[in-house]
Structures are given as C-alpha cells and as structure tokens.
Amino acid sequence: MNLRQRIASWLAPERRTVTMKDLEAMVGPRAASGEPVTARSAEGVAAVYAAVSVISETIGSLPLHLYRRNADGSRERATDNPLHTLLHDQPNPWQTAVEFRELMQAHVELRGNAYAERRYNDAGQLVALVPIHPDTVTVSVTSGERVVYDVSAKGGRRRLVADEIFHLRGRSDDGIVGRSPIDVARDAVGLSVAQNRTAGSLMRNAMRPSAVITMPTPLTQEQMARLREAFREEYSGPNKAGNVVPLDVGMEFKQIQMRADDVQLVQAMQFSVEEIARIFRVPLVIINGQRDANYSASVALAQHFVTYGLRRRLVAWEQAISSQLMSESTRREFYAEHSLDGLLRGDPKTRSDLYHLALADGWLTVNEVRRLENLPPVPGGDVPTPRTLPGPQGQLTGEQPAPSRGT
C-alpha cells in the first residue's frame, strides 16, 4: 500500500464490523446460568485454563521454521532470512518466540483474535512483531473495502492499516474478525462458572461436620469444650488417622454421609469438564479430566490431538505468515512450517521399525536418522544405502521362500 492509499484509508468513512464485543456491550455478557462470562472469568474455570494452556503452550513450543524451495524440488531451512529469526528465535526485544506465539494463540482461544504490530526499519525490513491486547483493538472496514485497526492506548487512539498488523483469527462469521469458543459456547462455560461458585458457597456456608457424637445426658459448656479439645488433640492430623475412638457408656458415634445433591453437583462438574474439552477439541486425558485414563496408546492420542485439535490452528499460523509477512515474490520462494517430529515422535520400538524400513528403502540416510535422534553425524552417512534386510520369517526381502520338501 503506497502513502496515498494509506492516507485515504485513514480519512475514508468506515463501515464497522459488528463484533461480539459490541453485542456484549448492548445486552451484557451473561450466560443462561446468569453468570457473566468473559475471557477473564472463563479462565477461572480449571478446565478452560487447562485447555487453553495445553493448546497455546504446545503451539508456542513447536519449532516453526522458514524453508526455501530449491529448483530440484528439495527444500532447506532459510536460517539466513531475517523472518526466520523473528519466527524461530525472537520476534521483539523482550519476548522469545515461544512466549510470543503462546500469548498470541491464547488470545485466539479466549478472544477469537490475536494482533501484533509489524515494525519496520528505515530500509523497509520487518524487524519486530509486537503483540497488542485484543481488548484494545476495534476492527473496521472502510468504504474502500480496506480493513483498519483502531488501537486504544493511554495516549489516545491510533489507527493502523492492514499492512501494519499481523492478525490471527479464529473461525469467523464475516472473514474480518474471529469468534472464540468462549463466545460461541458461553452457556456451557457459564454453567461451569456457576457450579464453581456453588461449590465454593457450600464449602464456605454449609458447615457440615464429618460425624456427631450423641450422649444420654446433656453436657455443660465447659464439658463440651473439654470434649472438643480432647478429640482435636487425639484424632486431628494426618498421623492420627484411623485411631480407635473410645466411647463412654451411652455415647454413640454417627458418621455423616455425603448427601445426594452433593454427589449430583460433583457429577455435574465432571460433565462440564467434558463439555469444555469438546469445545476446545482437546482429549480429556490431556487436561487430566479422565480419572481412569489409559496412557498405553499415547502415540495414537498425540496423533488424534494433532489431527483434530491442532491442525487447523497450525495451518492458520502458516498461512497468515505467508499472506501477511511475505510479499508475493517472497512466498514463491519461502514458506513457514511447524515441525511435528517431537510431538509425534512415538515410542522407541516404533521409531526403530520406521528407521529400519526407511534405511532399507533408501528414503532416509544414516545421518538423517541420527539427526532425528539428536545424534552427531558419522562419516559416509549422507549417502542413501538401500539394501535387502531380513524379512519377518528369516528370508531376504524380495526373495521367494524356498519350496518345502515333502516327507
């Protein structure tokens, strides 16, 4: 965008995109349970916090590389490109790449959008990506069909055009602003907020003892105090659990069981955890929401999480980088891609079997295998060495088994 177009965008009349933020201002962000639900209050629900954390931390910690396409169809990491440094190492002077991408993804999960200002040096080279809190940003569309971003700050309001913003959005209704799962599933999240409040109120106000002792004759206040203190000294504390309680003649010990409505509240809270896991497409076991979890299929679980939970989010990052941070000529030569090797690494036996076949078929070299296992290269290990390896029954792969002899 040249200077004339930019000035026109600043001065042109605008058509505002109606966002969930605007609707909340008009009708109030209350769920069916009556609880106000915002990004901040939703994070107070443990399941929401866990789901947002596991998604944003995983995406933030995945290696994000910039690759160069070679003429022969191969690729290589473009570590000499300044954009690779911003994406892989440090996007601004005070954040690492992990911190930046984790923050941006958490903004998308909780608010539907994440913004970062693109800062350039005098030569026009992108030198920093500075995050902007989504609550301070209003997105508008001018009469010239240009998207502009009004950012509120202590010093007033300033307008940035699309060329000055890196914008990640969740699923959108209009293609301009995204909607977060918190907005879409407000009632489900609000139910969890209400259940947490109810459980806290019970703990604070119910005043339910675990047991009572009845006696045939009434006691004085002094006798009650001595009895209470004696029980506290003899049976209170983890080292005294299971001690036998001696009772005088006529005394009776009665333990108080959990009431049915308390049990139902616990079950309802567990169901809410499952609902939130569905909203964010996170397997229950990953957010510790499944008591009888089986970790024997961890590889399959990781594959499920990547395919149905992370894939869309990772592609959104890669395509936003390509469309917003690269020129048309640059994206023909370079592209960004996350490395999932560590996440889908698998168990040692599975990796060994894969490497065995890869070396036999010649599509991996010894040094490529060693690099995947964080081992140093060996001399001569960069040349593919396809060879025939023993088959499952002892015969060589590709050979026919010897005919059996009759007896």
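These lines cover the structure that appears in this document, whether it is placed above or below.

Thoughts on the overall build of the chain
Counting its regular elements, the chain contains 14 helices and 12 strands. Counting across all 407 residues of the chain, residues that qualify as buried make up 33%. Counted over contacts in the chain with a minimum sequence separation of 6, partners at least 24 positions apart contribute 63%. Roughly 25,100 Å² of accessible area belongs to the chain as shown, and the carbon and sulfur atoms make up 54% of that amount.

What to know about the sheet that holds strand β4 (residues 113-120)
The strand order across the open sheet built from three strands is β5-β4-β9, with neighbouring strands paired in antiparallel fashion. Only two strands of the sheet have a single partner each, and these edge strands are β5 (126-132) and β9 (165-169). Going from strand to strand, the sheet's axes swing by 25° on average, the running direction of each strand aside. In terms of strand pairing, β4 meets β9 through five bridges, oriented antiparallel. Considered in β9, the bridge of Asn113 is made with Arg169. Lying on the sheet, helix α6 (residues 97-111) is in contact with β4, β5 and β9; it crosses β4 at an angle near 140°.

Focus on α6
Taking 1.5 Å per residue as the helical rise, α6 with its 15 residues ought to reach 21 Å, and the 21 Å between its terminal C-alpha atoms agrees with that figure. What α6 keeps buried is the set Ala97, Phe100, Arg101, Met104, Gln105, Ala106, His107, Val108, Glu109, Leu110 and Arg111. Positioned one or two residues after α6, Gly112 has a phi angle of 85°, which is positive.

Quick look at unusual backbone geometry
Positive phi outside glycine occurs at Arg281, with the angle close to 55°. With respect to the helices and strands, the residue Arg281 is situated in the loop between α10 (260-280) and α11 (298-325).

A look at the sheet that holds strand β12 (residues 334-338)
In spatial order, the strands read β3-β2-β12; together these three strands make up an open sheet with antiparallel pairing. The open sheet has two free edges, formed respectively by β3 (75-77) and β12, since each of these has just one partner strand. Direction aside, the axes of adjacent strands within the sheet are offset by 40° on average. In this sheet, β3 lies alongside strand β2 (residues 64-69) in antiparallel orientation, the contact comprising three bridges. In the sheet register, Tyr67 faces β3, and the bridge partner there is Arg77.

Calculation criteria
Residues numbered from 1 in each chain as written. Predicted model: local features only at pLDDT ≥ 70, side-chain atom pairs only at ≥ 80, totals over all residues. Heavy atoms only, no water. Helix = DSSP H or I, 4+ residues; strand = E, 2+ residues; numbered from the N terminus. Buried < 20%, exposed > 50% of the residue type's maximum accessible area, 1.4 Å probe, protein only. Contact = heavy atoms within 4.5 Å. Areas by Shrake-Rupley, 256 points an atom, 1.4 Å probe, with all protein chains shown as cover. Pairing = 2+ DSSP bridges. Axes fitted to C-alpha atoms, helices over the stretch in contact; angles between N-to-C directions. Expected span 1.5 Å × (residues − 1).

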